[in-house]
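Structural overview
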Amino acid sequence: MKKKLLFMLALVVTLLVGWGATSTTTAQAATDNSLARVQKKGTLVMGTSPDYPPYEFQATVHGKSQVVGMDVAVGQKIAKGLGVKLVVKSMSFDSLLVALQTGKVDMVISGMNPTPARKKNVDFTHLYYQGGYSIVVNKSEKGLYKDKDSFKGKTIGAQTGSTMYNESKKQTTNTKVKGMTSVSDLILALQSHKLAGVAMEKPSAQAYVANNKQLAMIPSHFNLSASDTSAAVAFKKGSSSLVTAANKSVDQIRKQDLVNKDYLPAAGKYLKTNTVNTSMWHYWKAFLTGIKYTLIITVCSVFFGFILGVLLSLARMAQGGVFKTALRWLATAYVEFIRGTPMMVQVMFVYFGLGLIVNLPALTSGIIAISLNSGAYIAEYIRGGINSVDDGQTEAARSLGLTNTATLRYVVLPQALKNIWPSLGNEFITLIKDSSIVSIIGVSELIFQSNIVRSDTYRGVAPIAVIMVLYFIMTFTASRILNYFERRMQHD
Ligand code: ARG
């Protein structure tokens, strides 16, 4: 029995891995119809990480929070050149290239340097802007640091997946380098003295310093080639027709110096309007949207998870013939596999992995992943609940002439449900909190919204405190309601 179980598990893992490997190769071998494809669908989807003013950042325009900045202007210019509409999709910097390779976005513009390592995996346009590196420090400590070599025995921070992160590791001695997903978090860590400095592109450093009186900047003196510190637009490997078309716009941008003359001044204006109203009340709509999506995801996932859980638990209890045995093994393997892998990985797998076959929106992917996850746990609660119903009940029902199914349906399940209810309630409350994981694929739930507010206002702690309270209100209310029903069930 154990051996067979192991075999089933091994089979599932091999299939998953094998499928992952083949699907990327087939995607790459496809002939280049990239330009035709984009023009046919009429939109050019740009992936970006809006924590990097003036390249890209969140700003409230006409009462609506949106992504602005010079990179968005570059994207617009390219889209216009192709005769299509630009769509901007935000995500963390370190998932941009994966999103590009798995077709979630058509191009990446995010102040990205075309390094040799990246060139192996994606194609870049010509350079559209040269930035250079700086280090942001606390103004009160500015006197202590001169450049990258002044941080001996200290910790500096850089965005994970960025060139600054790699270069800081390579080009400093005796200095700890800490990576974080978003630049706004790094700045927060700097201000709370968890970090002594944060490495980033010079224009971004200038923007952060201009918006925050407690910050200052120093030169980095990293040893770098010009192209290492310049930005280019990334496209999926092999999309030469698209790159050639985009290069026409990029060349114009360079020739007419559009970034300096037009895009940067425009971005600067947004930066100013941004810091006008940073009260948390001002952002109630963003938080409300967050609550809405958190609840949608939770309710849907518990619902689908429950259905899946019932099926799985029945399958796990199936006895008899070859078919039923196989079913039992499969269900067991599934439950073990899901419970043995992190939900975060499952969310990314559904979004990026399944995305290679069917292009699911982030919200749908999130609900699918969390339902699949929750189903495995709920299955175990149900199985436990059913097992806890006394065998005498089944025997009595059977001797009264009820069929197997009828016994399950009318005698066992109703009693089991009473036992399962508290665990189901707990699952619901857990999911209110854990659904926050889908923020990594860009679903606008509460964590995601708070990140927007944070980058919008340059305030680090206040939005976190607000969502903490909001999460508590949701879980507390939910647990009161569930308790009420639980008590009612105990009565009858
Ligand atoms: N230029 C650096 C890189 O290519 C960092 C870019 C960070 N961009 C951002 N939008 N956060 O790795």
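Model, not experiment: these values are computed from the prediction. (Residues numbered from 1 in each chain as written. Predicted model: local features only at pLDDT ≥ 70, side-chain atom pairs only at ≥ 80, totals over all residues. Heavy atoms only, no water.)

**Let's talk about the site of the ligand**
How we decide: Being near a molecule or strand, for a residue, comes down to having at least one heavy atom within 4 Å of it. Contacts described as polar in this section are N or O atom pairs within 3.5 Å, which, within protein, must combine one atom able to donate a hydrogen with one able to accept it, while residues neighboring in sequence count only if both atoms come from side chains. Values of accessible area rely on a 1.4 Å probe in the Shrake-Rupley scheme; residue burial ignores everything except the protein chains shown. The helix and strand labels rest on DSSP assignments: H or I over at least four residues marks a helix, E over at least two residues marks a strand, and numbering proceeds from the N terminus. Side-chain classes follow a simple rule in which Ala, Val, Leu, Ile, Met, Phe, Trp, Tyr, Cys and Pro form the nonpolar group, Asp, Glu, Lys and Arg form the charged group, and the remainder, Gly included, forms the polar group.
Taken together, 15 residues form the shell around the ligand, and within it Ser110, Gly111, Asn113, Arg118 and Thr163 come nearest. Between the ligand and the protein, one listed contact pairs a nitrogen atom with a backbone N or O atom of serine 110 at 2.8 Å. If the ligand stood free it would expose 340 Å²; the protein chains cover 100% of that surface. Elements with a contribution of two residues or more to the shell around the ligand: strand 2 (51-52) and helix 6 (163-171). Residue classes in the shell around the ligand are distributed as four nonpolar, seven polar and four charged.

**A short note on the packing of aromatic side chains**
To be explicit about the condition: Put simply, two rings from Phe, Tyr or Trp (the six-membered ring, in Trp's case) pair if the centres are within 6.5 Å, and we call them stacked under 30 degrees between planes, edge-to-face over 60, tilted for the rest. For a ring to carry a charge above it, either NZ of a lysine or CZ of an arginine must fall within 6 Å of the ring centroid while also lying within 35 degrees of the normal to the ring plane.
Counted by the stated rule, this structure contains nine aromatic pairs. Note on tyrosine 133 and phenylalanine 222: the rings are 5.9 Å apart at their centroids and 80° apart in plane angle, and the pair reads as edge-to-face. With tyrosine 133 in strand 8 (residues 133-138) and phenylalanine 222 in the loop between strand 12 (215-219) and strand 13 (230-236), this pair connects stretches of sequence that are 89 residues apart. Through a chain of ring-to-ring contacts, three or more aromatic side chains come together here, namely Tyr52, Tyr55 and Tyr129. Positioned over the ring face of tyrosine 351 is lysine 104, at 4.2 Å from the centre of the ring.

**Thoughts on the UniProt feature "transmembrane region" (unreviewed entry) in the protein**
So the rule is basically this: UniProt positions are given in the numbering used here, feature names are shortened, and annotations may be inferred rather than shown by experiment.
In the numbering used here, UniProt assigns the "transmembrane region" (unreviewed entry) feature to residues 293-315, 349-372 and 461-482. Regarding residues 349-372, the helix share stands at 67% and the strand share at 0%, and the terminal C-alpha atoms are separated by 12 Å. The straight-line gap between the two end C-alpha atoms of residues 461-482 is 32 Å; of that span, 100% is helix and 0% is strand.

**Points about the sheet that holds strand 6 (residues 107-108)**
For sheets, the rule is that strands pair by backbone hydrogen bonds, running either parallel or antiparallel. Note the following rule: Strand pairing requires that DSSP identify at least two bridges connecting the strands.
Taken in spatial order, the five strands of this open sheet run 5-1-6-13-7, and their pairing is mixed. Two strands lie at the open edges of the sheet, namely strand 5 (85-90) and strand 7 (122-130), each paired on one side alone.

**Quick look at unusual backbone geometry**
Along the chain, proline 53 connects to proline 54 via a cis peptide bond; the corresponding omega equals 0°. Its place among the elements puts proline 54 in the loop between strand 2 and strand 3 (56-61). Look at asparagine 174: it is not a glycine, yet its phi comes out positive at around 60°. Within the element layout of this structure, asparagine 174 appears in the loop between helix 6 and strand 10 (176-180).

**What about helix 3 (residues 70-82)?**
Formally: Here the expected length of a helix is defined as 1.5 Å per residue gap, with one fewer gap than residues.
Over its 13 residues, helix 3 extends 19 Å from the first C-alpha to the last, a length consistent with the 18 Å expected when each residue adds 1.5 Å. Residue glycine 83 follows helix 3 closely and has a positive phi angle near 75°.

**A word on the nonpolar core**
Under the convention used in this document: Here, nonpolar core refers to any group of buried Ala, Val, Leu, Ile, Met, Phe, Trp, Tyr and Cys residues whose side-chain atoms link them within 4.5 Å. Throughout this description, buried means an accessible area under 20% of the type-specific maximum (1.4 Å probe, protein chains only), exposed means over 50%, and partly exposed covers the range between. Two residues form a contact once any of their heavy atoms are found within 4.5 Å.
Of all hydrophobic cores here, the largest spans 68 residues; its most connected members are Ile78, Tyr128, Met200 and Val233. Each residue touching isoleucine 78, except ones within four places of it in the same chain, is listed here: Leu44, Ile109, Val233, Ala246, Ser249 and Val250.

**Some words on the packing of helix 11 (residues 284-316) against helix 16 (residues 404-434)**
Our working rule: A fitted line through C-alpha atoms represents every axis, and for helices the fit uses only the stretch in contact; the resulting angles, taken between N-to-C directions, go from 0 to 180 degrees. Two helices cross in a left-handed way if the nearer one is turned anticlockwise from the farther one by less than a right angle. They cross in a right-handed way if the turn is clockwise.
Remark: helix 11 packs on helix 16, axes separated minimally by 11 Å, with the N-to-C direction vectors making an angle of 145°. As helix 11 runs across helix 16, the sense of the crossing is right-handed. Packed against helix 11, whose contacting residues are Thr294, Thr298, Val299, Ser301, Val302, Phe306 and Leu314, the element helix 16 presents Leu408, Leu417, Leu424, Phe428, Leu431 and Ile432 at the interface.

**Some details on a nonpolar patch on the surface**
Inclusion rule: What makes a patch is a set of residues exposed beyond 30% relative accessible area and free of salt bridges, joined within 9 Å when like-charged and within 5 Å when nonpolar (Val, Leu, Ile, Met, Phe, Trp, Tyr). When a carboxyl oxygen of Asp or Glu is within 4 Å of a side-chain nitrogen of Lys or Arg, the pair counts as a salt bridge.
A cluster of nonpolar side chains, namely Phe303, Phe304, Ile307 and Leu311, defines an oily patch on the protein surface of about 410 Å² accessible area. By the secondary structure assignment, phenylalanine 304 is in helix 11. Exposure remark for phenylalanine 304: the relative accessible area of 41% places this residue in the partly exposed category.

**Things to note about the sheet that holds strand 11 (residues 197-201)**
Taken together, the five strands give an open sheet; going across it, the order is 10-9-11-8-12, and neighbouring strands pair in mixed fashion. Edge positions in the sheet fall to strand 10 and strand 12, since each has one partner strand and no second. Within the sheet, the average angular offset between the axes of one strand and its neighbour, ignoring direction, is 35°. Bridge count for strand 8 against strand 11 is four bridges, and the pairing is antiparallel. What sits directly across from isoleucine 135, in strand 11, is alanine 199. Contacts between helix 6 and the sheet are confined to strand 8, strand 9 (155-159), strand 10 and strand 11, with strand 10 contributing the most and set at about 165° to the helix.

**Describing the side chain of serine 450**
Relative to the helices and strands, serine 450 resides in helix 17 (residues 446-457). Leaving out residues up to four positions away in the same chain, serine 450 has contacts with Phe287, Pro463 and Ile467.

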